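# Secondary and tertiary structure notes
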Amino acid sequence: MSAALNPAAARGFLGSGLGIALFSSAVFGLSGSFAKALLESGWSPGAAVTARLTGAALILVLPAVLALQGRWHQLRDNWVTIGLFGLIGVAACQLFYFNAVARLSVGVALLLEYLAPVLIVLWLWAASRKRPRVWTVGGTVLSLAGLVLVLDLTGAVKIDVVGVLWGLAAAVCLAIYFFITAKENDSLPPIVLASGGLLVGAAVMWLAAATGLLPMAFSTADTRLGPWIAPWWVPLSGLIILATVLAYVSGIMAARALGSKVASFVSLTEVLFAVIWAWLLLGELPGAIQLVGGVFIVAGVVLVRLDELRAGAAVPPGMAAPLDHANDVEPVP
């Protein structure tokens, strides 16, 4: 029986870091379709993000408390990590992205944000004083080229310098998110980090709303998901449970298993999944050029992953591995 048809092999892949990372990208990709349904019914972007983070944080509080099992010192010992994750990886990343969207097209803003993998490669290069290997460079170029094709940026695009700066700020936040989640930390369960980070992120968003920085507009009008009319709570529930709770928890697990560099490259497939979900839920059929871009992204991810495996195999027993894995770098300041 071939590996492709072997149930045990399939379970092994799904349970691996790569399988979990792809699952995380798939459920993260749902957020665009669910959010679009809410926005078109009268919700503001800030309201949708705040409701998303608040609902997810409340859902994860009880499982996080059970995971701690009374060991509250873990929160005290890791409050900096939780705070950075919530402030930078959750709240700031989304807030900066929406500021970029306000001045740029969604495609350009998303492309700028997903420069994060390039920033990670450059950071690892600077930290290790070692030039990235050829396959890593090739995977970087291939994945970014595929991302451009998937976004299908055509026609005249208005470029706003301030909007570009917001997009680059979102990219920096996303890169820090991958470093934080990939940091090896056996004392802090992924669900605790996700819950704590979402609580911090939700608090920051509510604070921004209270100060007038973030406009808030909610609506109870029915929403449209392709040919279906659904109550407002249907896309909101999907946004909270699928695209946030499952997405963040599985994303942290994947980043710890794969490291920030590989996990960030796999996350590029979120754009491809978003296109597929938009096709299934909103009737937006992807074009041939987007499918070709998806192939490029997957090929780039495979190149980076193979490069890491080759590097690990080349290290003699007892010697430290090259500084290409997030778990080998210093914590984010």
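Residues numbered from 1 in each chain as written. Predicted model: local features only at pLDDT ≥ 70, side-chain atom pairs only at ≥ 80, totals over all residues. Heavy atoms only, no water.

Along its length, the protein chain carries 15 helices and two strands. Counting every position in the protein chain, which comprises 333 residues, the buried fraction comes to 48%. When contacts within the protein chain are restricted to residue pairs at least 6 apart in sequence, those whose partners lie at least 24 apart make up 86%. Summed over its atoms, the accessible surface of the protein chain is roughly 15,700 Å², and 72% of this surface lies on carbon and sulfur atoms. (Helix = DSSP H or I, 4+ residues; strand = E, 2+ residues; numbered from the N terminus. Buried < 20%, exposed > 50% of the residue type's maximum accessible area, 1.4 Å probe, protein only. Contact = heavy atoms within 4.5 Å. Areas by Shrake-Rupley, 256 points an atom, 1.4 Å probe, with all protein chains shown as cover.)

With that settled, the discussion passes to a nonpolar patch on the surface. Together, Phe-23, Ile-59, Ile-241, Leu-242 and Leu-246 make up an exposed nonpolar region whose accessible area comes to about 400 Å². The element that contributes the greatest number of residues to the nonpolar patch is helix α12 (residues 233–258), accounting for three residues. Counting through the fold element by element, Leu-246 comes out in helix α12. Judged by relative accessible area, which is 36%, Leu-246 ranks as partly exposed. (Patch = residues over 30% accessible without salt bridge, like charges linked within 9 Å, V, L, I, M, F, W, Y side chains within 5 Å. Salt bridge = Lys/Arg side-chain N within 4 Å of Asp/Glu carboxyl O.)

Within the secondary structure, Ser-195 is located in helix α11 (residues 190–210). A relative accessible area of 3% means that Ser-195 is categorised as buried. Setting aside residues no more than four positions away along its own chain, Ser-195 makes contact with Ala-57, Leu-60, Val-61 and Ala-64.

The terminal C-alpha atoms of helix α2 (residues 17–28) lie 16 Å apart, and with twelve residues this matches the ideal 16 Å at 1.5 Å per residue to within 8%. Among the residues making up α2, those that are buried are Gly-17, Gly-19, Ile-20, Ala-21, Ser-24, Ser-25, Ala-26, Val-27 and Phe-28. (Expected span 1.5 Å × (residues − 1).)

The next subject is the side chain of Arg-52. Here Arg-52 is to be found in helix α4 (residues 45–68). Under the relative-accessibility criterion, Arg-52 is labelled buried at 10%. Beyond its immediate chain neighbours, meaning those up to four positions away, Arg-52 contacts Phe-28, Ser-31, Gln-94, Leu-239, Ile-240, Ala-243 and Thr-244.

With that out of the way, let us pick up the confidence of the model for the protein chain. For the protein chain, the mean per-residue pLDDT works out to 76, and 78% of the residues sit at or above 70. For residues 1–5, every residue scores under 50 in pLDDT, and the model assigns this stretch three contacts once sequence neighbours within four places are set aside. (pLDDT = per-residue confidence, 0-100.)

Counting 81 residues, the largest nonpolar core has Leu-53, Phe-85, Leu-174, Tyr-177, Leu-198 and Tyr-248 as its most contacted members. Ranked by residues supplied to this core, first place goes to α12 with twelve residues. Ignoring anything within four residues of it in the chain, the contact list for Tyr-248 reads Phe-28, Phe-85, Gly-89, Val-90, Gln-94, Tyr-177, Ala-194 and Leu-198. (Core = buried A, V, L, I, M, F, W, Y, C linked by side-chain atoms within 4.5 Å.)

Right, let's get into the packing of aromatic side chains. Per the counting criterion, the structure on display carries five aromatic pairs. Here the aromatic rings of Trp-43 and Trp-232 are separated by 6.4 Å at their centres, their planes lie at 35°, and the arrangement is tilted. Taken together, the residues span a long stretch of sequence, with Trp-43 in the loop between α3 (30–40) and α4 and Trp-232 in the loop between β2 (228–230) and α12 at a distance of 189 residues. Judged by relative accessible area, Trp-43 falls into the buried class, the value being 7%. On the accessibility criterion, Trp-232 (29% relative accessible area) is partly exposed. For the pair Phe-85 and Tyr-248, a centre-to-centre distance of 6.1 Å together with 85° between the ring planes defines the contact as edge-to-face. Here Tyr-248 lies in helix α12 and Phe-85 lies in helix α6 (residues 79–103), a separation of 163 residues in the sequence. Note on Phe-85: relative accessible area 0%, which makes it buried. Overall, the relative accessible area of 5% leaves Tyr-248 in the buried class. (Phe/Tyr/Trp six-rings, centres within 6.5 Å; stacked < 30°, edge-to-face > 60°.)

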